[in-house]
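The lines below spell out each chain.
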Amino acid sequence: MSGFHKYPLHKKVKIVGAHIFLAFLSMIWLIPIVWVILTSFRGTKGSYSSTFFPTSYTLDNYKKLFTDFSVFSFPKMLFNTFLVAIVSCLISTFFVIAVAYTLSRLRFRIRKPLMNTAMIIHLFPGFMSMIAVYYIIKMLGWTAGPMLRVAMIAVYAGGAGCGYHIAKGFFDTIPMALDEAAMLDGASKWQVLTKIIMPLSRPVVVYTLLTSFAGPFKDFMLAKVLCGPNRDYYTVAVGLYQMLDVEYIDQWFCSFAAGAVIISIPVAILFLSTQKYYVEGVSGAVKG
Amino acid sequence: MKTKKKKYAKNYTAIDALKKGSLLTRISAIVFGAGCLVGGQLVKGLLYLTVEVGIFLYMIQNGFYNLGKLITLGDIEQQKVWNDAKSVYEYVDGDRSLIILLYGIITLAILFVAILLVRSSLKQAYKIQCLKEEGSHVPNLKEEVSELFNGNLHITLLALPIGGVLAFTILPLIFMISMAFTNYSVENSKLVLFDWVGLENFKRLISFGGSLGQTFWPVLGWTLIWALVATFSNYFLGLMLALFINWKEIRAKKMWRFFFVLTIAIPHFVTLLIIRTMLQPEGAVNIMLRNLGMIGAKESLPFFTNATWARVSVILINIWVGVPYMLLQVTGILQNIPQELYESARVDGAGPVVTFTKITLPYMMFIMMPYLITTFTGNVNNFNVIFLTSQGLPRPVDSTAGKTDLLVTWLYKLTIENQYYNVGAVIGIMTFVTLAIVSLITFKFSGSNKNEEAFR
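A quick note: this is a predicted structure, and the numbers were derived from the prediction, not measured. (Residues numbered from 1 in each chain as written. Chains lettered and ligands numbered in written order. Predicted model: local features only at pLDDT ≥ 70, side-chain atom pairs only at ≥ 80, totals over all residues. Heavy atoms only, no water.)

Bringing the overall build of chain A into the picture now. Looking only at helices and strands, one finds 13 helices and 0 strands in chain A. The C-alpha atoms of chain A give 24 Å as radius of gyration, which overshoots the globular expectation for 288 residues (19 Å, by more than 25%). With the C-alpha coordinates of chain A rotated into their principal frame, the extents come out at 75 × 75 × 30 Å. Here chain A holds 288 residues, and the buried ones make up 53% of them. Within chain A, counting contacts between residues at least 6 apart in sequence, those at least 24 apart form 71% of the total. If you sum the accessible surface of chain A, you get close to 12900 Å²; carbon and sulfur atoms cover 69% of it. Charge centroids of chain A, computed over 25 positive and 12 negative side chains, lie 8 Å from each other. (Helix = DSSP H or I, 4+ residues; strand = E, 2+ residues; numbered from the N terminus. Rg over C-alpha atoms; globule rule 2.2 N^0.38 Å. Buried < 20%, exposed > 50% of the residue type's maximum accessible area, 1.4 Å probe, protein only. Contact = heavy atoms within 4.5 Å. Areas by Shrake-Rupley, 256 points an atom, 1.4 Å probe, with all protein chains shown as cover. Lys, Arg positive; Asp, Glu negative; His and termini not counted. Charge placed at Lys NZ, Arg CZ, Asp CG, Glu CD.)

Below you can see the structure in the form of structure tokens.
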């Protein structure tokens, strides 16, 4: 706060005003988050409460998630989500990094056409192909039973190669001179990839791993369409959405809030630890 | 650039192979891999041949049958047959058009692969022929494999990802697009057996008279307004917030940014569902307003029940969702604006408004144009914000789409909820057409085709 007291009065007022304004904005942005945390500890049931702050606090809503399996089995949902997330994040990270590296650092004839195709695919509504995948999976008889997990992994990871942009942006910033020098020394392109570029690319690999791991925790659309009524294979997102159904909302609303808090914590940590790469990828920051 | 041209110049094309190739080379178009087999690349030739035999067997066994069925999409209805022995009616399966359509498309895809193989077999044979004529060495298997990790590394790396995209994105897209030309719909109960109807669905959708057309045009209009307002409101508000926090008198910048960024960190479906609950007639917001005495004790603001309120609500919610993203990105870019620009502007006596409109804004526009187009596309297809909050409501009684429904959410309702699969597919295609037009125009006029190699 050095020098603040030296400012003339009108400037002081301006600065204090600005901070108050920022505090007000932050409040608007934080209210829903605060509210859901409060609700997860609320003692009274039901989705409506006549006060903003709960009248009594309890841990029962969290307990209910892990003990009451009459309608929803939260541990099972967590297990499904983790399983799908881990497998699909490994596959899609391989896909994304392979595509991004190839399009960024190798030059070959169909490179531009491939990039244009990816752009065109992006113009179709995302879940248009998903609906078709759903028919196909239904025809294969995978919409019930354990094959549903395979279906979900396939759908999350299968088309991942199209989302190469951020990783490509990263590879674009590594100077080509590195590759050229290595090739002059007789390295093959494979050696350039594994010995030179990959060790430099740990941040973007970690970023891709973490974001694709978070995918199944955040997506609810796809899992909902695929699972339909098969409660045993719900991911957390679908399960939580279902808790707000008219039938269950009265009994489960506060547990919904509790579940939301539980999965938001890891996802938030994942995001906050990767946001740097996200920003760099989008804004095309150049490393010196 | 010169080296590149040189590399591409030595190129064996299938057409050259047919024009100038030897008899053996030309035979390779019919017997895949013939050139390789004779030329000494035994394993490669055998691989080609095996794939060809496989395709032939498939075509004879199922392929031609599937293609034949694709023309009519099946016409045998499910039949009830009286079984005397058990004295019950038994059902005999008829044709199922959806399966016929899928198998037909897969067969077409296999045929397409066959054509690609003809080309590649020709090229390989011609390459071997040319190498032999030049007296050069024909690469053996070991060299070919090691080339896959050097000059042909792109093939090795792209094979699986592209396979995945083909199987899980492109094939399903084609499958869905082809439904747009059928009458696969709950209408007239065409859910098992359906036929090709050509452009009928497109005509129905864009005609102003029909009930579908009367829904389509308003929904398209709202989708475009929504996408424009959502994109630009986020852009400008995010930019202003970023500049505001960047102001040198603001203390604890990191803390303020963290408050906003926290909302991105939490899964969207969670925050959106929470906001929806808060904005219900008996939700937290109305209760707060009642407690503060801003509305009557029994009154509630019609956030999702009045058309205009609902539209404003979803746009405000989208600002809540989107501004932190902008803040995050703009903060990164602002630090990259060359400081000399601001220095010289200050020397020339430019005030903050002039610096903003003449330096910050144009620079941001240039850098962020591609991003803005992506955001616009994302907003046209912004399923979550609408579906999880207003759910497209309020909905007029005689319509399948509500006042806040976008094309995507309408597509969802028509297909998943109401089984109008053909119309759904048409809407998907129309969304694509709209987006393609918008992106082409913006790219043409913005002139900001960022040179991807500019910084190397």
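Following the structure, the description resumes.
Here the focus is the overall build of chain B. Along the backbone of chain B there are 19 helices and 2 strands. Against the globule reference of 23 Å for 456 residues, chain B gives a C-alpha radius of gyration of 30 Å, more extended than a compact globule. Dimensions along the principal axes, computed over C-alpha positions, put chain B at roughly 90 × 85 × 40 Å. Counting every position in chain B, which comprises 456 residues, the buried fraction comes to 46%. Pairs at least 24 apart in sequence give 63% of the contacts found in chain B among residues at least 6 apart. When the accessible surface of chain B is totalled, it reaches about 23400 Å², and 66% of it is carbon and sulfur. The averaged location of the 27 negative side-chain charges in chain B is 9 Å from the averaged location of its 39 positive side-chain charges.

With that settled, consider the pattern of salt bridges. Residues and elements named next belong to chain A. All told, the structure shown has 9 salt bridges over all chains when counted by the stated rule. A salt bridge links lysine 63 to aspartate 60; the shortest N-O distance between them is 3.8 Å. Here lysine 63 pairs with aspartate 60, and both are found in helix α2 (residues 60–67), just 3 residues apart, close to one helical turn. Overall, lysine 63 belongs to the exposed group, its relative accessible area being 53%. Look at aspartate 60 and you get partly exposed, because its relative accessible area is 45%. (Salt bridge = Lys/Arg side-chain N within 4 Å of Asp/Glu carboxyl O.)

This paragraph deals with helix α13 (residues 284–291) of chain B. Burial runs high along α13 of chain B: 6 of the 8 residues are buried. Every buried residue of α13 of chain B is accounted for by Ala284, Val285, Asn286, Ile287, Leu289 and Arg290 of chain B. Considering only its buried residues, α13 of chain B is in contact with α1 (9–40) of chain A together with α12 (268–278) of chain B. Trailing α13 of chain B by a residue or two, glycine 293 of chain B shows a phi angle of about 80 degrees, which is positive.

What follows concerns the packing of aromatic side chains. Applying the stated rule across the entire model yields 33 aromatic pairs over all chains. On the basis of an interplanar angle of 25 degrees and a centroid distance of 6.5 Å, the ring pair of tyrosine 241 of chain A and phenylalanine 387 of chain B is categorised as stacked. Here the residue tyrosine 241 of chain A occupies a position in helix α12 (residues 236–243), and phenylalanine 387 of chain B occupies one in helix α17 (residues 383–390), the pair thus bridging two chains. Tyrosine 241 of chain A sits in the buried class, given a relative accessible area of 11%. We classify phenylalanine 387 of chain B as buried; its relative accessible area is 5%. Between tryptophan 256 of chain B and phenylalanine 259 of chain B the ring centres are 6.1 Å apart and the planes differ by 80 degrees, which places this aromatic pair in the edge-to-face class. You can see tryptophan 256 of chain B and its partner phenylalanine 259 of chain B sitting in helix α11 (residues 253–265), 3 residues apart, about one turn around the helix. Take phenylalanine 259 of chain B: its relative accessible area is 23%, and that puts it in the partly exposed class. Members of the aromatic cluster, joined through ring pairs, are Phe220 and Tyr241 of chain A together with Phe269, Phe383, Phe387 and Tyr412 of chain B. Lying across the ring of tryptophan 252 of chain A, lysine 64 of chain A places its NZ or CZ 4.5 Å from the centre. The ring of tryptophan 222 of chain B has arginine 311 of chain B sitting right over it, with the charged end atom 4.5 Å from the ring centre. (Phe/Tyr/Trp six-rings, centres within 6.5 Å; stacked < 30°, edge-to-face > 60°. Lys NZ or Arg CZ within 6 Å of the ring centre and 35° of its normal.)

Turning next to helix α7 (residues 165–172) of chain A. Every buried residue of α7 of chain A is listed here: Ala167, Lys168, Phe170, Phe171 and Asp172 of chain A. Buried residues in α7 of chain A make contact with α3 (74–105), α4 (111–123), α9 (189–200) and α10 (202–218) of chain A.

Attention shifts here to the pairing of strand β1 (residues 79–83) of chain B. A regular strand places its side chains so that they alternate between the two faces of the sheet. All names here are of chain B. The pairing of β1 with strand β2 (residues 88–92) spans 5 bridges and is antiparallel. Bridge pairing in β2 links valine 81 to glutamate 90. The loop that links β1 with its antiparallel partner β2 comprises 4 residues; one of these, serine 87, has a positive phi angle of about 45 degrees. (Pairing = 2+ DSSP bridges.)

Okay, the nonpolar core next. Within the largest apolar cluster, 175 residues are counted, with the highest numbers of intra-cluster contacts made by Phe175, Met179, Trp226 and Trp410 of chain B. Those residues in contact with tryptophan 410 of chain B that sit more than four places away from it in its chain are Leu205, Leu212, Thr215, Phe216, Val219, Thr400, Ala401, Asp405 and Ile427 of chain B. Ranked by size, the runner-up nonpolar core spans 29 residues in total, among them Cys162 and Ala167 of chain A together with Leu157 and Val165 of chain B. (Core = buried A, V, L, I, M, F, W, Y, C linked by side-chain atoms within 4.5 Å.)

Looking now at the interface of chain A and chain B. Taken together, the contacts link 95 residues of chain A with 97 residues of chain B. Taking both partners together, chain A and chain B bury about 8900 Å²; carbon and sulfur atoms supply 77% of that area. Of all residues in chain A, Trp29, Leu123 and Tyr135 of chain A give up the largest surface area on contact with chain B, accounting jointly for 9% of the area buried on that side. On the surface where chain A and chain B come into contact, there are 1 salt bridge. Between glutamate 249 of chain B and lysine 11 of chain A there is a salt bridge, with its nearest N and O atoms 3.7 Å apart. (Buried area = accessible area lost by both parts, 1.4 Å probe.)

Our focus in this paragraph is the side chain of lysine 189 of chain A. With respect to the helices and strands, lysine 189 of chain A occurs in helix α9. Buried within the structure, lysine 189 of chain A lacks any salt-bridge partner; its nearest side chain of opposite charge belongs to glutamate 147 of chain B, at an N-O separation of 7.2 Å. Leave out the neighbours within four places in its chain, and lysine 189 of chain A touches Tyr101, Leu106 and Met183 of chain A together with Phe149, Asn150, Gly151 and Leu153 of chain B.

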